[in-house]
Amino acid sequence: MRKIIILSRITLDGVMQAPSGPDDKSSGFKYGGWTLPYSDETARKVFQKMMKPADLLLGRKTYEIFVGYWPEHADNWEGINDVTKYVFSKSIKKSDWKNTVFLKSLADIKKLKKSKGSDLKIWGSTELIQLLLKNDLVDELWFGIYPLTLGKGKKLFANGAIPAAFILVESIVTTSGVIFVNYKRAGKVKTTNFGA
């Protein structure tokens with residue numbers, strides 16, 4: 001069985017839209033590239049780790065951004081052209097970017113997760129992440145939490161998630177105040193009474 005790993009850069013208020021540039025201006029979003037002022041050597045090392053080759057599971061909008069950039073800039077992301085890109089889309093049916101496979105339903109994603117192969121990493125893909133969280137299909141979270149709020153923009157947990165417990169595997173704080181955390185799924189939420 002494959003693990004599904006969400007890799008996301010978020011603000012303190014959960015915004016994850018357009019972290020690296022002005023690619024996504026939907027809903028009038030004007031803060032594209034908000035992560036770049038916080039880049040430092042520690043962040044670069046964490047990103048190298050996060051970008052190790054693995055198959056990708058992407059939503060349609062993120063895929064459209066990726067296909068417009070990465071095939072010609074593969075020297076910046078080892079293996080990006082070689083890994084399989086699974087794209088959750090009901091409107092796109094084919095692509096010239098090699099190793100691209102289209103998935104049309106949640107059942108297709110569940111079948112893929114049960115198959116043999118590398119882990120499935122998800123970058124961006126806000127709506128897909130919402131779907132996976134609601135259906136308890138996320139095994140691991142890798143967040144870069146940036147010390148700012150943006151108020152508006154696509155948010156990681158905008159439509160909620162199921163109650164789920166996670167355990168901290170790793171955390172790194174950069175000199176610019178970014179906190180990178182890696183959580184793995186740890187079963188159901190446990191509760192207790194105060195003073196019990």
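Residues numbered from 1 in each chain as written. Predicted model: local features only at pLDDT ≥ 70, side-chain atom pairs only at ≥ 80, totals over all residues. Heavy atoms only, no water.

Trainee: Even after reading the chapter, I still don't get the overall build of the protein, so can you show me in this structure?
Mentor: When helices and strands are tallied, the protein shows 4 helices and 8 strands. Written out in order from the N terminus, the α and β elements of the protein read β-α-β-α-β-β-α-β-α-β-β-β. The C-alpha radius of gyration computed for the protein amounts to 17 Å, which stays within 12% of the reference 16 Å derived for 196 residues, consistent with globular compactness. Residues classed as buried in the protein amount to 43% of the 196 residues present. Restricting the contact set of the protein to residue pairs at least 6 apart, pairs at least 24 apart contribute 68%. Of the roughly 10,900 Å² that the protein leaves accessible, carbon and sulfur atoms contribute 54%. If the 31 positive side-chain charges of the protein are averaged to one point and the 19 negative ones to another, these points end up 7 Å apart. (Helix = DSSP H or I, 4+ residues; strand = E, 2+ residues; numbered from the N terminus. Rg over C-alpha atoms; globule rule 2.2 N^0.38 Å. Buried < 20%, exposed > 50% of the residue type's maximum accessible area, 1.4 Å probe, protein only. Contact = heavy atoms within 4.5 Å. Areas by Shrake-Rupley, 256 points an atom, 1.4 Å probe, with all protein chains shown as cover. Lys, Arg positive; Asp, Glu negative; His and termini not counted. Charge placed at Lys NZ, Arg CZ, Asp CG, Glu CD.)

Trainee: Any chance you could explain the packing of aromatic side chains here in plain terms?
Mentor: Working definition: an aromatic ring pair is given by the centre-to-centre distance plus the angle between the planes. Under the counting rule described, the total for this entry stands at 11 aromatic pairs. Taking 5.9 Å as the distance between ring centres and 75 degrees as the angle between the ring planes, the aromatic pair formed by tyrosine 38 and tyrosine 146 counts as edge-to-face. Within this pair, whereas tyrosine 38 is found in the loop between β1 (4-11) and α1 (41-50), its partner tyrosine 146 is found in strand β6 (residues 140-146), the two being separated by 108 residues in sequence. Across this residue pair, the class does not change: tyrosine 38 and tyrosine 146 are buried. On the numbers, 5.9 Å between centres and 80 degrees between planes, the contact of tyrosine 63 with phenylalanine 102 is edge-to-face. Taken together, the residues span a long stretch of sequence, with tyrosine 63 in helix α2 (residues 60-67) and phenylalanine 102 in strand β4 (residues 100-103) at a distance of 39 residues. For tyrosine 63, a relative accessible area of 2% corresponds to the buried category. Positioned above the aromatic ring of tryptophan 97 is the side chain of lysine 85, whose terminal nitrogen or guanidinium carbon lies 4.5 Å from the ring centre. Arginine 185 extends its terminal NZ or CZ atom over the ring of phenylalanine 166, reaching a point 5.8 Å from the ring centre. (Phe/Tyr/Trp six-rings, centres within 6.5 Å; stacked < 30°, edge-to-face > 60°. Lys NZ or Arg CZ within 6 Å of the ring centre and 35° of its normal.)

Trainee: Where do I start with the pattern of salt bridges in this structure?
Mentor: Opposite charge on two side chains allows them to pair when their charged atoms are near. Under the counting rule described, the total for this entry stands at 10 salt bridges. Two residues, aspartate 119 and lysine 3, come together in a salt bridge whose shortest N-O distance is 3.9 Å. Of this pair, aspartate 119 sits in the loop between α3 (106-114) and β5 (120-123) while lysine 3 sits in the segment before β1, and the two are 116 residues apart along the sequence. The class of aspartate 119 is partly exposed, set by a relative accessible area of 27%. One salt bridge in this structure joins glutamate 140 and lysine 3, with 3.1 Å as the shortest N-O distance. Of this pair, glutamate 140 sits in strand β6 while lysine 3 sits in the segment before β1, and the two are 137 residues apart along the sequence. Residue lysine 3 is classed as partly exposed on the basis of its relative accessible area of 29%. If you follow the salt bridges from partner to partner, you end up with Lys3, Asp119 and Glu140 in one network. (Salt bridge = Lys/Arg side-chain N within 4 Å of Asp/Glu carboxyl O.)

Trainee: Would you take a moment to explain the environment of isoleucine 92 for this structure?
Mentor: In this fold, isoleucine 92 is placed in the loop between β3 (85-88) and β4. With sequence-adjacent residues up to four places away left out, isoleucine 92 is seen in contact with Arg60, Tyr63, Glu64 and Phe102.

Trainee: Explain unusual backbone geometry here, please?
Mentor: Residues apart from glycine generally show negative phi values, whereas peptide bonds are mostly found in trans. With a phi close to 60 degrees, serine 27 is a non-glycine residue in the positive phi region. Its place among the elements puts serine 27 in the loop between β1 and α1. We classify serine 27 as exposed; its relative accessible area is 83%. Phi at aspartate 136 is positive, roughly 55 degrees, even though this residue is not glycine. Here aspartate 136 shows up in the loop between α4 (126-134) and β6.

Trainee: What's the story with α1 in this structure? I'm lost.
Mentor: Side chains of residues three or four places apart in an α-helix project in the same direction, reflecting 3.6 residues per turn. Here α1 has its buried residues at Ala43, Val46, Phe47 and Met50. Summarising the axial view, the buried residues of α1 lie within an arc of 100 degrees, below the 170-degree limit, and thus occupy one face. Relative to its buried face, α1 has exposed residues pointing more than 90 degrees away, namely Lys45 and Gln48. Buried positions along α1 lie against β1, β5, β6, β7 (166-173) and β8 (179-185). Two or three places before threonine 42, at the start of α1, stands the capping residue aspartate 40, its side-chain oxygen 3.2 Å from that residue's backbone nitrogen. (Arc of directions from axis to C-beta. Polar contact = N/O pair within 3.5 Å; in protein donor to acceptor, adjacent residues only side chain to side chain.)

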